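Here is how the chains run, residue by residue.
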Amino acid sequence: MTTAHHLPAGKAATGAYAVDVNPESAGWGHSSLRVLELPPGGTHGLDTGDSEWIVLPLSGGCTVSVDGETFHLTGRADVFSGVTDFAYVPRDARVSIVSESGGRFALTGARCTRRLPARYGPASNVPVELRGSGTCSRQVNNFAAAAPAGAGPEYGFECDSLIAVEVITPGGNWSSFPPHKHDEHRPGTESELEEIYYFEFAGHRGTPGLGYHRVSPSGHGRGTDVLAEVRDGDVVLVPDGWHGPSMAVPGHHMYYLNVMAGPGTERAWLICDHPDHAWIRDTWPEQPVDPRLPLYTAPERSR
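All of these numbers come straight from a predicted model, not from anything done at the bench.

Peer 1: Describe the packing of aromatic side chains, naming the residues involved and giving the relevant values.
Peer 2: Per the counting criterion, the structure on display carries nine aromatic pairs. Here the aromatic rings of Phe-86 and Phe-157 are separated by 5.0 Å at their centres, their planes lie at 75 degrees, and the arrangement is edge-to-face. Here the residue Phe-86 occupies a position in strand 7 (residues 86–89), and Phe-157 occupies one in the loop between strand 12 (138–144) and strand 13 (163–169), the gap between them amounting to 71 residues. Of the two residues examined, Phe-86 and Phe-157, each falls in the buried class. Between Trp-174 and Phe-177, the aromatic rings sit 5.6 Å apart at their centres with planes inclined by 80 degrees, giving edge-to-face as the arrangement. Note on Trp-174: relative accessible area 36%, which makes it partly exposed.

As structure tokens, this is what we get:
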């Protein structure tokens with residue numbers, strides 16, 4: 001079992017970024033994640049290069065300027081307090097991020113071909129999904145999900161390659177379960193996607209939280225094999241393999257940010273469940289959703 005795909009907090013830090021995962025450092029071709037920490041009045045500039053990016057506040061708010069437009073992001077106190085607004089910035093652009101009060105901001109990125117326009121994503125447009133039931137209950141904030149088959153036009157946010165969502169797992173629950181994979185291109189059945197997990201935890205009674213994350217070999221790709229104790233700021237890279245479960249210890253809610261992209265021409269999230277555990281989905285209708293969820297909902301859309 002390798003530790004190369006588990007990056008404890010600080011291991012992926014470079015320069016201004018508390019986390020800087022890119023295709024070169026990850027040894028793959030498409031997905032990126034940066035976590036930018038700005039003090040009050042802090043500013044940061046970046047060139048987007050060959051990738052599209054979403055600026056997503058983890059805590060605090062900021063102003064994002066690109067292509068002659070300025071987007072004011074209200075943000076949030078932290079990832080456990082509410083859905084946030086965000087800004088999409090295209091490839092081949094110069095971006096400025098300014099935070100009057102300071103904060104922490106995730107930059108989710110993917111190499112892409114098309115140059116889409118810069119846009120503001122309101123928090124009220126983020127679909128909040130409750131997935132699973134019982135101890136498999138979790139909340140998914142689908143701010144940049146690929147729309148599932150049959151979804152209406154309000155679902156998802158247009159990107160060229162990038163897929164990104166937030167997942168909140170109440171303390172004591174399991175998510176990313178049943179274990180699933182997306183490491184083969186099988187049209188209509190499975191997408192080939194690299195994935196990044198970035199973790200944060202809710203403290204309780206002065207004690208920091210933690211969880212556990214599993215990736216096991218699927219017989220395709222590199223044979224990725226990870227069993228990691230994860231804490232605030234940790235990253236797990238999933239180039240291939242069955243991933244899940246992600247387990248939150250009792251008393252501490254777990255948050256993770258998922259960033260995905262791959263070589264396919266279609267932006268789609270198509271997964272294959274592990275055959276030994278797929279049956280668990282059939283039990284979900286028999287159990288109630290964890291009453292602690294939703295932890296919060298998106299604000300109402302203005303009329």
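Peer 1: Any chance you could break down unusual backbone geometry for me, citing the residues and the numbers?
Peer 2: The omega angle of the peptide bond from Phe-177 to Pro-178 is 5 degrees, so this bond is cis rather than trans. Within the secondary structure, Pro-178 sits in the loop between strand 14 (174–175) and strand 15 (180–181). The residue after Leu-293, namely Pro-294, is reached through a cis peptide bond having omega 0 degrees. Among the structural elements, Pro-294 can be located in the segment after helix 2 (280–283). Even without glycine at this site, Asp-67 takes up a positive phi of about 50 degrees. By secondary structure assignment, the location of Asp-67 is in the loop between strand 5 (51–66) and strand 6 (69–76). The exposure class assigned to Asp-67 is partly exposed, which follows from its relative accessible area of 40%.

Peer 1: Break down the sheet that holds strand 13 for me, citing the residues and quoting the values.
Peer 2: Strand order across the open sheet formed by seven strands is 1-21-18-23-13-12-11, with antiparallel pairing between neighbours. Of all the strands in the sheet, just strand 1 (6–7) and strand 11 (128–131) have a single pairing partner and so form its edges. By the bridge criterion, four bridges tie strand 12 to strand 13 in an arrangement that is antiparallel. Considered in strand 13, the bridge of Gln-139 is made with Ile-168.

Peer 1: Tell me about the side chain of Ser-99, residues and numbers included.
Peer 2: Mapped onto the elements, Ser-99 comes out in strand 8 (residues 94–99). Overall, Ser-99 belongs to the buried group, its relative accessible area being 0%. From its side chain, Ser-99 meets the backbone oxygen of Gly-61 in a polar contact 2.8 Å long. Among all residues touching Ser-99, those that are not within four sequence positions of it are Leu-38, Pro-39, Pro-40, Gly-41, Gly-42, Gly-61, Cys-62 and Phe-105.

Peer 1: Explain the environment of Val-140 to me, using residue names and the numbers behind them.
Peer 2: Mapping Val-140 onto the fold places it in strand 12. Judged by relative accessible area, Val-140 falls into the buried class, the value being 1%. It is 6.5 Å that separates the C-alpha atoms of Val-140 and Ile-168, two residues lying 28 residues apart in sequence. Setting aside chain neighbours within four positions, we find Val-140 in contact with Pro-127, Val-128, Glu-129, Arg-131, Val-165, Glu-166 and Val-167.

Peer 1: Could you give an account of the nonpolar core, with specific residues and numbers?
Peer 2: With 38 residues, the main nonpolar core has Val-21, Ile-54, Phe-143, Tyr-198, Tyr-255 and Leu-257 as its most contacted residues. Broken down by element, the residue count for this core peaks at four residues, all from strand 23 (residues 254–261). If near-sequence neighbours (up to four positions away) are discounted, Leu-257 is found in contact with Leu-33, Leu-56, Ala-106, Thr-108, Phe-143, Val-165, Glu-166, Ile-196, Tyr-197 and Tyr-198. If you look at the next biggest cluster of nonpolar residues, it comprises 19 residues, including Leu-36, Val-55, Cys-62 and Leu-107.

Peer 1: Kindly report on the layout of surface pockets, identifying the contributing residues and their values.
Peer 2: Taken as a whole, the largest pocket encloses approximately 590 Å³ of empty space. Lining the largest pocket we find 31 residues, and of these Glu-129, Arg-131, Trp-269, Leu-270 and Ile-271 sit closest to its centre. Of the residues in the lining of the largest pocket, the class split is 19 nonpolar, four polar and eight charged. Taken as a whole, the second largest pocket encloses approximately 250 Å³ of empty space. Contributing to the lining of the second largest pocket are 19 residues, with Gly-264, Thr-265, Glu-266, Arg-267 and Ala-268 lying nearest its centre.

Peer 1: Go over the pairing of strand 5, please, and point to the residues and values.
Peer 2: Of all 16 residues making up strand 5, 14 are buried, and the element is well covered by its neighbours. Bridge count for strand 5 against strand 9 (residues 103–111) is eight bridges, and the pairing is antiparallel. Its bridge partner lying in strand 9, Ser-59 is registered against Arg-104. Bridge count between strand 5 and strand 7: three bridges; the pairing is antiparallel. The residue bridging Val-55 from the neighbouring strand is Ala-87, located in strand 7.

Quick notes on the rules
- Residues numbered from 1 in each chain as written.
- Predicted model: local features only at pLDDT ≥ 70, side-chain atom pairs only at ≥ 80, totals over all residues.
- Heavy atoms only, no water.
- Phe/Tyr/Trp six-rings, centres within 6.5 Å; stacked < 30°, edge-to-face > 60°.
- Helix = DSSP H or I, 4+ residues; strand = E, 2+ residues; numbered from the N terminus.
- Buried < 20%, exposed > 50% of the residue type's maximum accessible area, 1.4 Å probe, protein only.
- Pairing = 2+ DSSP bridges.
- Polar contact = N/O pair within 3.5 Å; in protein donor to acceptor, adjacent residues only side chain to side chain.
- Contact = heavy atoms within 4.5 Å.
- Core = buried A, V, L, I, M, F, W, Y, C linked by side-chain atoms within 4.5 Å.
- 1 Å grid on protein atoms, 1.4 Å probe; cavity = no way out; pocket = protein on both sides within 12 Å on 5 of 7 lines; lining within 4 Å.
- Points joined across faces, edges and corners; volume = space filled by probe spheres on them.
- Nonpolar A, V, L, I, M, F, W, Y, C, P; charged D, E, K, R; others polar.

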